[in-house]
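The lines below spell out each chain.
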Amino acid sequence: MTRIAAQTTTPMHETLCIVGQKIGRDERIEVYNPCDNSIADTAPRATREDVVRALTDAFVQTVGSTPDAVDVILTDIEKSDWARGGELFSDKALGG
């Protein structure tokens, strides 16, 4: 039987990278380990503009389009309006 030693690590405080450019922000989010729900890391909180820029670039790089041909529509959905496995995200401990 193989035993795996538990590791206790300090979050690395990753940077956000969009279109090859590192983005530094003071506001950070915690990234959780899906196996044990511990905090695995932190990362800068992306803005809506960051998301639009990243999606546009990914589409352009994948499809070979131009940025002006890409429309991105952002829709905010409340956690109380979204469910998985019969449970609302607003009722879940971490909202997901």
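Definitions and limits used
- Residues numbered from 1 in each chain as written.
- Predicted model: local features only at pLDDT ≥ 70, side-chain atom pairs only at ≥ 80, totals over all residues.
- Heavy atoms only, no water.
- Helix = DSSP H or I, 4+ residues; strand = E, 2+ residues; numbered from the N terminus.
- Buried < 20%, exposed > 50% of the residue type's maximum accessible area, 1.4 Å probe, protein only.
- Areas by Shrake-Rupley, 256 points an atom, 1.4 Å probe, with all protein chains shown as cover.
- pLDDT = per-residue confidence, 0-100.
- Polar contact = N/O pair within 3.5 Å; in protein donor to acceptor, adjacent residues only side chain to side chain.
- Contact = heavy atoms within 4.5 Å.
- Pairing = 2+ DSSP bridges.
- Salt bridge = Lys/Arg side-chain N within 4 Å of Asp/Glu carboxyl O.
- Expected span 1.5 Å × (residues − 1).

Novice: What is the right way to look at the overall build of the protein in this model?
Specialist: Looking only at helices and strands, one finds one helix and six strands in the protein. If you list the helices and strands of the protein from N to C, you get β-β-β-β-α-β-β. Across the 96 residues of the protein, 14% fall into the buried class. Accessible area for the protein stands at about 8,000 Å²; split by element, carbon and sulfur atoms hold 52% of it.

Novice: For this particular structure, what's the right way to read the confidence of the model for the protein?
Specialist: Detailed conclusions should not be drawn from predicted coordinates in areas where pLDDT is low. For the protein, per-residue confidence averages 81 on the pLDDT scale, and residues scoring 70 or more make up 82% of the total. Across the protein, the element-wise mean pLDDT spans from 79 in strand E1 (residues 16-18) up to 94 in helix H1 (residues 48-63).

Novice: For this particular structure, what's the right way to read the side chain of aspartate 50?
Specialist: With respect to the helices, strands and loops of the structure, aspartate 50 is situated in helix H1. Take aspartate 50: its relative accessible area is 5%, and that puts it in the buried class. Within the structure, the side chain of aspartate 50 is placed 2.5 Å from the side chain of arginine 25, a separation counted as a polar contact. A polar atom in the side chain of aspartate 50 sits 2.9 Å from the backbone nitrogen of threonine 47. In this structure aspartate 50 touches Leu16, Ile18, Ile23, Arg25 and Arg45, once residues within four positions along its chain are discounted.

Novice: Any chance you could explain the environment of arginine 28 here in plain terms?
Specialist: Inspection of the secondary structure puts arginine 28 in strand E3 (residues 28-32). Distance in space between the C-alpha atoms of arginine 28 and threonine 15 is 9.7 Å, their sequence separation being 13 residues.

Novice: What exactly am I supposed to notice about the pairing of E3 here?
Specialist: Within a regular strand, the side chains alternate between the two sheet faces. Note that E3 and strand E4 (residues 39-44) share five bridges and pair antiparallel. Bridge pairing in E4 links arginine 28 to proline 44.

Novice: Before we go on, may I ask you to explain the pattern of salt bridges in this structure?
Specialist: One side chain can pair with another of opposite charge once the charged atoms of both are near each other. Considering all chains together, one arrives at three salt bridges under this definition. Among the ionic pairs, arginine 25 bridges to aspartate 50, the shortest N-O distance being 2.5 Å. Of the two residues, arginine 25 sits in the loop between strand E2 (21-23) and E3 while aspartate 50 sits in helix H1, which places them 25 residues apart along the sequence. Owing to a relative accessible area of 28%, arginine 25 belongs among the partly exposed residues under this scheme.

Novice: Even after reading the chapter, I still don't get H1, so can you show me in this structure?
Specialist: In this model, H1 (16 residues) spans 22 Å end to end at C-alpha, consistent with the 22 Å of a helix rising 1.5 Å per residue. Its buried side turned inward, H1 meets E1 and E2. One or two steps after H1, the chain reaches glycine 64, where phi turns positive at roughly 85°.

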